[in-house]
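# Coordinate analysis (summary)
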Amino acid sequence: KSPIEKFEEFFCKYDGIVNKADFDRFIEEERLSLTDGLKNKLIKKKDQYIYKPLLKCEKSILSSVKALVDHSGPTEHLSHAIDEFIKSYRAPPNKSAASKEADQNRFDVLRRLLMSPSRLVVLRGAPGSTKSTLARYAIAILKDTGEGSDNQDFWILSKSHKAMAKFRDRAGIYGSTLQKALGDFRKQLIPEGAVVAVDEAGLLGTYDMDALLQKALKHNWRKLILLGDCRQEKPNDPGQPLALIERHFSDICFELSFSFRQKNKLSRLFVSKIYEGKAKAALRAMDEATALHFYDDSNTLVTEAAKNYLKSAKKNNLINVQLISCCKAICKALNQEVSSQLFIKNNKKNSNGLSINEGERVVIKRTAKGHDSGTGYVQTIRSGRMAIVEKMTKSKMHLKFFDRVEETIIVFERRNVIDKLELAYAMTVRDAQGLAIDHAIFVIDSPINGQTMVSAGSRHRFSLQLLVDSNQYKNLNALAQDIGEFPTKPILTEYA
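Here's what I pulled together on the structure shown here.

## Let's talk about the packing of aromatic side chains
Inspection of every chain in the model, using the stated rule, returns four aromatic pairs. A ring pair is formed by Phe-85 and Tyr-137, whose centres lie 5.0 Å apart and whose planes are at 55°; its orientation type is tilted. Taken together, the residues Phe-85 in helix 5 (residues 78-88) and Tyr-137 in helix 7 (residues 131-144) connect sequence positions 52 residues apart. With relative accessibility at 18%, the residue Phe-85 sits in the buried group. Look at Tyr-137 and you get buried, because its relative accessible area is 17%. With a centroid separation of 5.5 Å and 75° between ring planes, the pair formed by Tyr-309 and Tyr-425 is classed as edge-to-face.

## Things to note about the nonpolar core
Residues Phe-270, Tyr-309, Leu-323, Leu-399 and Phe-442 are the most contacted members of the largest nonpolar core, which totals 73 residues. At seven residues, the largest contribution of residues to this core is made by helix 14 (residues 298-316). Membership of the second largest hydrophobic core comes to 32 residues, among which are Leu-120, Leu-189, Leu-213 and Leu-244.

## Quick look at the packing of helix 4 (residues 52-70) against helix 10 (residues 206-218)
It is the contact of helix 4 with helix 10, at a shortest axis distance of 9 Å, that shows an interaxial angle of 35°. Helix-helix and strand crossings are classified by hand; for helix 4 and helix 10 the assignment is left-handed. Within the contact between the two elements, helix 4 uses Pro-53, Leu-54, Cys-57, Glu-58, Ser-60, Ile-61, Ser-64, Val-65, Ala-67 and Leu-68 and helix 10 uses Thr-206, Tyr-207, Met-209, Asp-210, Leu-213, Gln-214, Ala-216 and Leu-217. Counted by class, the contact of helix 4 with helix 10 contains 12 nonpolar, four polar and two charged residues.

## Considerations on unusual backbone geometry
Its identity is not glycine, yet Thr-130 carries a phi of approximately 65°, on the positive side. Here Thr-130 is to be found in the loop between strand 4 (120-125) and helix 7. With a phi angle near 50°, Glu-200 is a residue other than glycine that sits in the positive phi range. Among the secondary structure elements, Glu-200 is positioned in the loop between strand 7 (195-199) and helix 10.

## With respect to the sheet that holds strand 3 (residues 48-51)
Spatial strand order, 1-3-2: three strands in an open sheet with antiparallel pairing. Whereas interior strands pair on both sides, the edge strands pair on one side only; in this sheet they are strand 1 (17-19) and strand 2 (42-45). Neighbouring strand axes in the sheet, compared pairwise and without regard to direction, differ in orientation by 25° on average. Here four bridges tie strand 2 to strand 3, and the two strands are oriented antiparallel to one another. When the bridges of strand 3 are listed, Lys-45 appears paired with Gln-48. Across the sheet, helix 2 (residues 20-30) is in contact with strand 1, strand 2 and strand 3; its angle to strand 1 comes to roughly 90°. Against the sheet, helix 4 engages strand 1, strand 2 and strand 3, with an angle of about 65° to strand 3.

Conventions used here
Residues numbered from 1 in each chain as written. Predicted model: local features only at pLDDT ≥ 70, side-chain atom pairs only at ≥ 80, totals over all residues. Heavy atoms only, no water. Phe/Tyr/Trp six-rings, centres within 6.5 Å; stacked < 30°, edge-to-face > 60°. Helix = DSSP H or I, 4+ residues; strand = E, 2+ residues; numbered from the N terminus. Buried < 20%, exposed > 50% of the residue type's maximum accessible area, 1.4 Å probe, protein only. Core = buried A, V, L, I, M, F, W, Y, C linked by side-chain atoms within 4.5 Å. Axes fitted to C-alpha atoms, helices over the stretch in contact; angles between N-to-C directions. Left-handed = near helix turned anticlockwise from the far one by under 90°. Contact = heavy atoms within 4.5 Å. Nonpolar A, V, L, I, M, F, W, Y, C, P; charged D, E, K, R; others polar. Pairing = 2+ DSSP bridges.

If you want it as structure tokens, here you go:
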């Protein structure tokens, strides 16, 4: 990181204002020198230092939020629509008492969120608390009440293309990455008066959040819904603006208290304890269940992770198991190792020297067109979709896509699609945020904190394995010490 980035990250921890003792300690530890460029960004007042750019942006954020809260709109007409939606909701049969209570909590939050006169609302909750689902319900109700003239008035934005694409396709609305929406100055991408949901808003840095709120005010967006959890991964950019908004405007923040994701006792215990800051108890439970393993070096770690992946995939299908790592380089090594072990196991030759073989799991990097093998219709497959390579010939490639229960085989011209594919056995923690997978293997190859563990350790429904490089953490206590630094309040009242 550059000196500027280090300064911004440091000042973000203190909302732009730091006392002199902490500042001097930081300068000494990081071995930084105050250049003229850095001095011009600082204001010294008595025993404090103020970082001007960050403080200016944070003040702008709070000012924008206040304007969005104050310039409210009528919501009385939504009450009947909300009642009708709740009545039409068909709950699965034989639901437990906890599940019924969780549904009641969700509908209570949905009502308060939509009935809030504020044009900005924050929907937060633990991983698996169905934030995205509830936001889709809210958009469906707003559509039914004629809040927008057509689908173009409803948008989903996200820093993650995968999260955006998943939400967009399920809700049937327009979608864009946040970078494109905020960077498109020449053309107004989102129309006046739109309803906009921002998924994984906790990943927005201070400057992006400021630009987003300015755009909401300028184009008079009818409703801006921020979905996020400050207790998961921090933004790459400076600051935690979602946490800043939550501290100063708690009355526009609505929290889901139940998680629907983890399905067994061990998984629920692990995620709950991590959220409560009781890392040692969480890791001890994993160790007793032989789901925590330490390896002497990174090569052994990668090899064993690939073996564990294939062993789990044999029982549960390749598409239902996910390797997660902190580092892109390790993800690449994991992809290659799984592919290599799968290649040896199946005794298949590489087709024309390609790195992708039949039976492998891949992800579409860029939009591609192919034909549905069942109907013959042309299908446009958007980026971020995962598939299994069902069959390859000299000119064709058959990919099997999974949409919940259904399976669809799309036939592509090989020359048109091969450069749009990459192996998808492993992904980084940041890319995995928002993902729900049946079985996860978290490869801990670099230092982590509680937020990283919450993000990676809560992706699974049924099973989680933790594989640790001993060069980073010698034992359970060393790992628990870093994770335990994560301060939070317990927010999960019960699992549904």
